[in-house]
Amino acid sequence: MPLFNFKRRSALTSLFGVWMSEDGELPPGYHRLLDAPEIGACVNRITGIVSICTLYLMQSGRNGDKRLKGTLSRFVDIDPWPNMATGQSWKSWIVSTLLTEGDGNAFVLPRRVAGRFTALEPMPGAMAIQDDALGYRVSWKGREYAPDEVLHFRLFADSSQPWKGRGYQISARRLADSLAQSDQLRASLGSPKYKPPMIVSVNSDSDFFDDDKREALRKRYLEDTARGKPWILPGDLIKVETVKPMSLNDLAVKDTLELDKKAVAAIFGVPAFLLGLGSFSQKEYNNFIHTVVEPICKAIETELTLKLLSSEDLYFAFNRRRLYSYDLESLIKIDCSLSDRGFINGDEVREDAMRDPVGLTEYKVLENYIPWDMSGSQSKLKGDAGDAETDDEQEP
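Residues numbered from 1 in each chain as written. Predicted model: local features only at pLDDT ≥ 70, side-chain atom pairs only at ≥ 80, totals over all residues. Heavy atoms only, no water.

1. A look at the environment of A106
- Mapped onto the elements, A106 comes out in strand β3 (residues 105-113).
- With a relative accessible area of 1%, A106 lands in the buried category.
- A sequence separation of 59 residues divides A106 from G165, and the C-alpha atoms of the two residues are 8.7 Å apart.
- When neighbours within four sequence positions are excluded, A106 is seen to be in contact with W93, I94, T97, L98, L151, H152 and F153. (Helix = DSSP H or I, 4+ residues; strand = E, 2+ residues; numbered from the N terminus. Buried < 20%, exposed > 50% of the residue type's maximum accessible area, 1.4 Å probe, protein only. Contact = heavy atoms within 4.5 Å.)

Laid out in structure tokens, this is it:
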């Protein structure tokens with residue numbers, strides 16, 4: 001792969017780039033989106049689903065596509081960054097970067113030795129810079145790369161810069177500030193400063209209006225170092241009352257927080273029940289997989305296929321069947337109906353039932369469960385001359 005040398009920039013302009021150039025220390029007043037628990041929960045849900053999904057190396061064929069198992073397939077799915085990250089954590093980094101700090105962009109640098117890939121190294125802090133001659137270039141650690149030298153994963157296409165991805169950062173940033181204010185209010189209401197105050201009233205004809213005598217009264221009757229020990233007060237002298245502050249419900253903090261959570265879920269396309277709001281819905285979850293998770297999978301598949309594979313009949317694909325939500329009973333019913341029609345074999349049904357294969361590799365159809373390639377040999381389909389003669393003899 002050719003190496004292109006570009007003119008380096010004199011200064012970094014991205015706040016994320018400044019952060020990465022300062023040994024990972026955040027600039028004053030800057031907070032990551034992942035620091036907001038609700039946003040972090042959305043990102044973690046999406047990231048967790050994609051990262052555990054197996055990435056297949058597929059080959060197109062006349063009779064359908066088949067999965068290839070070999071060195072390259074294992075390298076990309078299991079050990080893309082040797083001794084540094086597993087396939088799950090590698091995919092997790094890509095997705096979380098797309099959704100948060102990368103703002104729709106994530107870069108990975110392929111390393112090769114003697115023409116073979118040895119590592120797919122994540123590039124935290126890499127930035128895409130517009131270039132009139134080549135469209136854009138990627139800057140990372142003081143060096144610039146051509147687009148075909150790196151894997152550039154994109155979430156959405158930017159309207160003004162189609163080569164650049166676009167994420168959720170702008171929309172989520174405002175909600176993160178609102179969520180932080182709600183958290184601060186809840187924390188402040190729970191602090192000792194806002195604990196219910198206590199009012200102690202005394203008879204109007206007493207002489208406790210003097211400062212020294214009031215202090216003596218407080219020390220004598222109201223101070224006690226032993227927790228849980230009841231106060232003993234003279235009933236005709238002192239009367240104690242408490243004033244309760246407004247609760248979170250009175251201040252509408254709870255309603256505001258739920259609205260903010262729903263807004264976060266809507267921005268990321270995550271079902272609200274994944275953030276603790278409402279109850280689980282299988283249809284809603286599967287729609288979330290179809291509209292949110294699958295486009296991310298497609299972005300990763302396409303870039304890996306385009307940059308890592310030279311053969312036109314090879315491509316990478318996630319095992320999408322594992323993404324959707326099916327209870328075991330429903331899944332087995334689907335498999336049994338497919339098995340009765342000869343579309344899958346017995347070991348494939350056992351696999352979904354989480355049982356070991358036992359050699360049931362024949363494809364059978366419902367009629368007597370014979371092998372599918374013998375289904376056309378049935379006598380009722382071919383006709384039997386002997387049966388016809390017997391029928392003729394019985395006629396009057």
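Back to the text.
2. Observations regarding the sheet that holds β3
- Strand order in the open sheet formed by 3 strands is β4-β3-β8, with antiparallel pairing between adjacent strands. The two strands at the open ends of the sheet, each matched to only one other strand, are β4 (116-122) and β8 (151-154). Neighbour-to-neighbour, the strand axes of this sheet turn through a mean angle of 25°, independent of strand direction.
- Summarising the sheet, β3 and β4 pair through 6 bridges and their orientation is antiparallel. Within β4, the residue paired with P110 across the bridge is L120.
- Where helix α4 (residues 87-99) meets the sheet, it contacts β3, β4 and β8, and its direction lies at approximately 145° from that of β3.
- Against the sheet, helix α8 (residues 282-308) makes contact with β4 and β8, and its axis sits at roughly 160° relative to β8, the strand it touches most. (Pairing = 2+ DSSP bridges. Axes fitted to C-alpha atoms, helices over the stretch in contact; angles between N-to-C directions.)

3. Digging into the pattern of salt bridges
- Overall, the coordinates contain 11 salt bridges when judged by the stated rule.
- The shortest N-O distance in the salt bridge between E301 and R320 comes to 2.6 Å. Here R320 lies in the loop between β13 (314-318) and α9 (328-340) and E301 lies in helix α8, a separation of 19 residues in the sequence.
- R322 is the partner of D352 in a salt bridge, and the nearest nitrogen-oxygen pair spans 3.7 Å. Here D352 is found in helix α10 (residues 346-352), whereas its partner R322 is found in the loop between β13 and α9, with 30 residues between them in sequence.
- A cluster of three or more residues bridged by salt bridges with shared partners is formed by R321, R322, E351 and D352. (Salt bridge = Lys/Arg side-chain N within 4 Å of Asp/Glu carboxyl O.)

Bear in mind that shape data such as this cannot, by itself, settle questions of function.
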